[in-house]
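# Secondary and tertiary structure notes
Read off the chains here:
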Amino acid sequence: MDLCGVELRGPVLNGSGTFDAIAARRAFGDVLLEEFPFDAFVSKTITLAPRQGNPPPRLWETPAGLINSIGLPNKGLEGFLREDLPQLAELPAPLVVSVMGFSRDELAKLVAAVEEREEVALIELNFSCPNVETGLIMGADPSETARSLDRLRPLTEKPLIVKLTPNATDPGAVAAAAEGAGADAVSLINTLKGMALDPRTGRPWLGAGSGGVSGPAVRAIALEQVAAVSRRVSIPVVGMGGIAGGRDAHDFLLAGASCIAVGTENFRDPAAGRRIGRELASVSRNERGFFEVRSR
């Protein structure tokens, strides 16, 4: 199969920031390369300048997932290109580099720099942050999304995947605007806003006050948004949100996704991507057999 013309061995990606391939290789050695869990690898989101991320605590476990307030810690563009990219290029899967800027100028610098690197197969545009020029969340407003892509599309021939926020009033309209402005694919959903209180003090537990909810708790919401977006666009849709098994992945494909991404489940099971890929293949075979029998 392929994603935006990039050949993949299967449909399973990781959600950006949910699997540290460099740390995993330090822990598991080259066995990681032999049994790599994903068919394409999405980097942590990088920003123009280095970021420390949000103050701790950064995670809160919910009954069906996580609230994270990581805050996109990263080495910045120069540090990523110098230190991380050479290591990520050794992974046995096409590399998707995720970028986020706080203005269209920042995004343009990121995309232009990543475009020059042949190790990078695709670019993910993380549009879940506010544009300091307008105050609007880039991926929540169709016109803001279109204006951003108008600026970025001429800068690269690499496929552009727009990562959508679920906090938009109409994600389908945002996706359609992205497609109209030159996006090659969209991915959704990113995390939903949430918070947790410290039971001892009654104050917010997370250092930043609130964070993003992910995991099985958001699966039904993600599935509906993937279905709605898939009806509005003709470009590929990467579906994610609480996928923990092959049946979940299959549901997202039935809803219109071309590929799926595994996120929170990676924290519980570092080999989740590989397992879900096997389970998905089994579910697909069984369903084909079931419908073939019923059609006779």
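See the structure above.
First, a word on scope: everything that follows refers to the structure included in this document. Fair warning: this is a prediction, and the values are worked out from it, not measured in the lab.

## Some thoughts on the pairing of strand β14 (residues 259-262)
Here β14 shows no split at all, with C259 and A261 on one side and I260 and V262 on the other all buried. Here three bridges tie strand β3 (residues 12-14) to β14, and the two strands are oriented parallel to one another. Paired with N14 across the bridge in β14 is V262. For strand β13 (residues 237-240) and β14, the ladder comprises three bridges, and the chain directions are parallel.

## Examining the packing of helix α6 (residues 171-180) against helix α7 (residues 219-232)
In the contact formed by α6 and α7, the axes pass within 8 Å of each other and the chain directions differ by 40°. Judged by the angle between their axes, α6 and α7 are oblique. Judged by the twist between their axes, the crossing of α6 over α7 is right-handed. Seen from α6, the contacting residues are P171, G172, A173, A175, A176 and E179; seen from α7, they are Q225, V229 and R232. The residue inventory of the contact of α6 with α7, partitioned by class, reads five nonpolar, two polar and two charged.

## Let's talk about the environment of N74
Looking at where N74 falls in the secondary structure, it is placed in the loop between β6 (65-68) and α3 (76-88). Among residues more than four places away in sequence, those in contact with N74 are T45, I46, T47, A49, P50 and R51. Among the polar contacts made by the side chain of N74, one reaches the side chain of T47 at a distance of 3.0 Å. From its side chain, N74 meets the backbone oxygen of L72 in a polar contact 2.9 Å long.

## Quick notes on the sheet that holds β6
With antiparallel pairing, the four strands of this open sheet are ordered in space as β5-β6-β12-β11. Edge positions in the open sheet fall to β5 (59-62) and β11 (192-194), since each of these has one partner strand only. Sheet twist, expressed as the mean angle between neighbouring strand axes with direction ignored, is 35°. For β11 and strand β12 (residues 211-214), the ladder comprises three bridges, and the chain directions are antiparallel. Bridging from a neighbouring strand, L192 pairs with V213 of β12.

What counts and how
- Residue indices begin from 1 for each chain and proceed along its sequence in written order.
- The predicted origin of the model limits local features to residues at a pLDDT of at least 70 and limits the giving and counting of side-chain atom pairs to 80 or more, whereas totals for whole chains, interfaces and linings rest on all residues.
- Excluded from the side-chain calculation are hydrogens and water; included are all heavy atoms of the structure.
- Relative accessibility under 20% of the residue-type maximum defines a buried residue, over 50% an exposed one, and the middle range a partly exposed one, all with a 1.4 Å probe and only protein chains included.
- Numbering of helices and strands runs from the N terminus; a helix is a DSSP stretch of H or I covering at least four residues, while a strand is a stretch of E covering at least two.
- Strand pairing is defined by DSSP finding a minimum of two bridges between the two strands.
- Each axis is a line fitted through C-alpha atoms, and for a helix only the stretch in contact is used; angles between axes span 0 to 180 degrees, taken between their N-to-C directions.
- When describing relative orientation, an angle under 35 degrees is termed roughly parallel and one over 145 degrees roughly antiparallel, while 65 to 115 degrees is termed roughly perpendicular and anything else oblique.
- Each helix crossing is assigned a hand: it is left-handed if the near helix lies turned anticlockwise from the far helix by less than a right angle, otherwise right-handed if that turn is clockwise.
- Contacts are assigned to residue pairs that have any heavy atoms within 4.5 Å of one another.
- Polar here means any residue other than Ala, Val, Leu, Ile, Met, Phe, Trp, Tyr, Cys and Pro, which are nonpolar, and Asp, Glu, Lys and Arg, which are charged; Gly is therefore polar.
- Polar contacts here mean pairs of N or O atoms no more than 3.5 Å apart (in protein, one a potential hydrogen donor and the other a potential acceptor; neighbouring residues in sequence count only if both atoms are side-chain atoms).

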